[in-house]
Amino acid sequence: MSVPPLIVLTGAGISAESGLSTFRDPDGLWARHRIEDVATPEAFARDPARVHAFYNMRRAQLRDPAIRPNAAHHALAELAARWPAPFLLVTQNVDDLHDRAMGEDAPGLLHMHGRLGHARCLRCGATRPWPGDLSTGTPCPGCGRAGGMRPDVVWFGEVPLGMERIEAAMAGCRLFISIGTSGQVYPAAGLVSALRGRARTVELNLEPSAGSRLFDEARHGPATALVPEFVAALLAEHAP
């Protein structure tokens, strides 16, 4: 049996069991913070201190020793290491849990919404790792100017990263697995529609997503149970 080129898409649900807040749950991040206040270019231009405070809080949470990759992250890291066909893990998450499980700058990992642990200078364009706090007075280590440092994440109204690479992978994709996504954030939510009829599509989610009916298969339950089980079966199915 030939091994199909594989794309995995992950969302906030895969990191929820590691203790990170999701966005659209009743007590999630958007229930406590308005998107318009903290996650748009306009919000940053209007009140950068407020936006920095929000992302500093999220960055501090990632530094908590209790926040670590869970069984689902580790199962996908094993899948990436052992899959003999083209493999791409596209994550909507800005946390670094996939990076920790797969290894920093893993070639099969793409953060389409950027990375919380990185900062970008609006003045010179330089991007660099930044695990600590940012403020309006933080100078750029590259150009030395203050006031232009921002989280290297994709805000609402901005274009996701790596779209050309994603489109190239989709051209050959024959197996698509969506894990822990709401099915409400585009363009990620549109990937399953684009692959219908030419790839096997599988949803692994705590509950049916907004686009659950579009998948060939849907399995619902905790990611830490579903993902290791599914990965083990998939690797056994395609064992040499």
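One numbering rule holds for all chains: residues counted from 1, following each sequence as written. Only residues with pLDDT of at least 70 are given local features in this predicted model, and only at 80 or more are side-chain atom pairs given and counted; all residues enter the totals for whole chains, interfaces and linings. The basis for every side-chain value is the complete set of non-hydrogen atoms in the structure, without hydrogens or water.

- Looking up the protein in an unreviewed UniProt entry gives the name NAD-dependent protein deacylase, with the organism given as Teichococcus rhizosphaerae.
- We quote the UniProt Function (unreviewed entry) comment for the protein here in full: "NAD-dependent lysine deacetylase and desuccinylase that specifically removes acetyl and succinyl groups on target proteins. Modulates the activities of several proteins which are inactive in their acylated form."
- For the protein, the Subcellular location (unreviewed entry) comment in UniProt is given as "Cytoplasm". UniProt positions are given in the numbering used here, feature names are shortened, and annotations may be inferred rather than shown by experiment.

**Examining the layout of surface pockets**
It is a probe the size of a water molecule, rolled over the atoms, that shows where empty space is left.
Alright, step 1. There is about 220 Å³ of room inside the second largest pocket.
Alright, step 2. For cavity detection a 1 Å grid was placed over the protein atoms alone, and a set of points counts as a cavity when a 1.4 Å probe fits there but cannot get out; an open set counts as a pocket when protein lies on both sides within 12 Å along at least five of seven lines, with lining residues being those that have an atom within 4 Å of a point. Along its surface, the second largest pocket is lined by 17 residues, and Leu62, Asp96, Gly117, His118 and Pro131 are the ones closest to its centre.
Alright, step 3. We count a stretch as a helix when DSSP gives it H or I for four or more residues in a row; a strand needs E for two or more, and each element gets its number in order from the N terminus. Here the element with the most residues in the lining of the second largest pocket is strand β4 (residues 114-121); it accounts for 4 residues.
Alright, step 4. Residues belonging to the lining of the second largest pocket are distributed by class as follows: 6 nonpolar, 3 polar and 8 charged.
Alright, step 5. All the domain ranges listed were derived from an automatic or database domain assignment. Summarising the domain contributions, the lining of the second largest pocket has at least three residues from each of domain 1 (1-18 + 68-113 + 160-240) and domain 2 (21-66 + 116-153). Grid points are joined across faces, edges and corners, and a volume is the space filled by probe spheres set on the points. All amino acids are sorted into three groups, where Ala, Val, Leu, Ile, Met, Phe, Trp, Tyr, Cys and Pro are nonpolar, Asp, Glu, Lys and Arg are charged, and the leftover types, Gly among them, are polar.

**Observations concerning the domain arrangement of the protein**
Alright, step 1. Domain boundaries in the protein define domain 1 (1-18 + 68-113 + 160-240) and domain 2 (21-66 + 116-153).
Alright, step 2. Spacing between the C-alpha centres of domain 1 and domain 2 amounts to 26 Å.
Alright, step 3. We call two residues contacting when some pair of their heavy atoms lies within 4.5 Å. In this complex, domain 1 contributes 14 residues to the contact, which on the side of domain 2 involves 10 residues.
Alright, step 4. Put simply, buried area is how much 1.4 Å-probe accessible surface two parts lose in total, over both of them, once they are put together. Summed over both partners, the interface of domain 1 with domain 2 comes to about 900 Å²; 55% of that surface belongs to carbon and sulfur atoms.
Alright, step 5. What qualifies as a polar contact is a pair of N or O atoms within 3.5 Å, subject to a donor-acceptor requirement within protein and to the restriction that residues adjacent in sequence count only when both atoms come from side chains. At the surface where domain 1 touches domain 2, the tally comes to 4 residue pairs in polar contact (both at pLDDT 80 or more).
Alright, step 6. Grouping the amino acids of the side of domain 1 that touches domain 2 by side-chain chemistry returns 4 nonpolar, 5 polar and 5 charged.

**Details of the UniProt feature "binding site: Zn(2+)" (unreviewed entry) in the protein**
Alright, step 1. As recorded in UniProt, the feature "binding site: Zn(2+)" (unreviewed entry) lies at Cys121, Cys124, Cys140 and Cys143. For the annotated residues, spread through 23 residues, the largest C-alpha to C-alpha distance comes to 8.6 Å, consistent with a single compact locus.
Alright, step 2. When you line up the elements, Cys124 lands in the loop between β4 and β5 (127-129).
Alright, step 3. Setting aside residues no more than four positions away along its own chain, Cys124 makes contact with Cys140, Cys143 and Arg145.
Alright, step 4. Among the secondary structure elements, Cys140 is positioned in the loop between β5 and β6 (149-153).

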